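The primary structure of each chain is shown beneath.
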Amino acid sequence: MMEDFAPLIPDTVTDYYLARSGFQSDDIRVKRLLALAAQKFVADISSDALHYCKIRQQAHQSKDKKSSAKKNVLTIDDLSAALAEYGVNVKKPEYCV
């Protein structure tokens with residue numbers, strides 16, 4: 001069943017990062033299962049970041065009643081808040097050159 005399933009993360013990318021971490025396996029099912037887990041992790045983080053983005057934009061809209069923005073603009077603050085739930089700490093630089 002896993003031989004027929006192709007996750008969004010290509011096998012070559014999965015093989016590269018597994019080799020960098022020292023993981024060795026010839027079983028394609030194991031590699032695709034790990035790629036599927038990574039895909040779910042990224043999907044969960046992006047979903048949480050979108051949730052934080054919508055909350056932030058609703059707070060700004062309640063202060064500013066005239067604006068009716070339909071676009072969701074993801075900021076590093078939204079992403080870092082979502083990543084903090086999973087134990088990943090992200091700090092933006094103090095300034096950008």
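Everything that follows concerns the structure shown earlier in this document.
Everything quoted here is computed from the prediction, not taken from an experiment. Along each chain, the written sequence defines residue order, and numbers are assigned to residues from 1. Totals for whole chains, interfaces and linings use every residue, but because this is a predicted model, local features are given only for residues with pLDDT of at least 70 and side-chain atom pairs only at 80 or more, for both listing and counting. Hydrogens are left out, water is left out, and the side-chain values use all remaining heavy atoms of the structure.

Caption draft 1: Broad picture of the overall build of the protein. To qualify as a helix, a DSSP run of H or I must reach at least 4 residues; to qualify as a strand, a run of E must reach at least 2; elements of each kind are numbered from the N terminus. For the protein, the helix and strand inventory stands at three helices and zero strands. Note on contacts: a residue pair qualifies if any of its non-hydrogen atoms lie within 4.5 Å across the two residues. Considering only intrachain contacts with a sequence separation of at least 6, the fraction spanning at least 24 residues in the protein is 55%. Computed with a 1.4 Å probe, the accessible areas rest on the Shrake-Rupley method; for each residue, only the protein chains presented here act as cover. Summing over all exposed atoms, the protein offers an accessible surface of approximately 7900 Å²; the carbon and sulfur share of this is 58%.

Caption draft 2: Main features of the environment of Ala84. The topology assignment puts Ala84 in helix 3 (residues 76–84). For Ala84, a relative accessible area of 44% gives the class partly exposed. C-alpha of Ala84 to C-alpha of Ile45: the two residues are 39 residues apart in sequence and 9.7 Å apart in space. To sort residues, take the accessible area from a 1.4 Å probe on protein chains only and compare it with the maximum for the residue type: under 20% means buried, over 50% means exposed, and anything in between is partly exposed.

Caption draft 3: Highlighting the pattern of salt bridges. Salt bridge, as applied in this entry: a Lys or Arg side-chain nitrogen positioned within 4 Å of an Asp or Glu carboxyl oxygen. Taken as a whole, this structure holds five salt bridges when the rule is applied. Between Asp11 and Arg32 there is a salt bridge, and its shortest N-O distance comes to 2.9 Å. Note that Asp11 is positioned in helix 1 (residues 11–21) and Arg32 in helix 2 (residues 28–63), a separation of 21 residues in sequence. You can call Asp11 partly exposed: its relative accessible area is 25%.

Caption draft 4: The packing of aromatic side chains, seen in detail. For Phe, Tyr and Trp, rings pair up if their centres lie within 6.5 Å, where Trp contributes its six-membered ring, and each pair is then called stacked (planes under 30 degrees apart), edge-to-face (over 60) or tilted (otherwise). Overall, the coordinates contain two aromatic pairs when judged by the stated rule. On the numbers, 4.9 Å between centres and 80 degrees between planes, the contact of Tyr16 with Tyr17 is edge-to-face.

Caption draft 5: Geometry of the side chain of Asp78. Tracing the backbone shows Asp78 in helix 3. Reaching out from Asp78, the side chain makes a polar contact with the side chain of Arg56 at a distance of 2.8 Å. What Asp78 contacts, discounting residues up to four positions off in sequence, is Ala49, Tyr52, Cys53, Arg56 and Val73. Two N or O atoms form a polar contact when they lie within 3.5 Å of each other; inside protein one atom must be a possible hydrogen donor and the other a possible acceptor, and for residues adjacent in sequence the pair counts only when both atoms belong to side chains.

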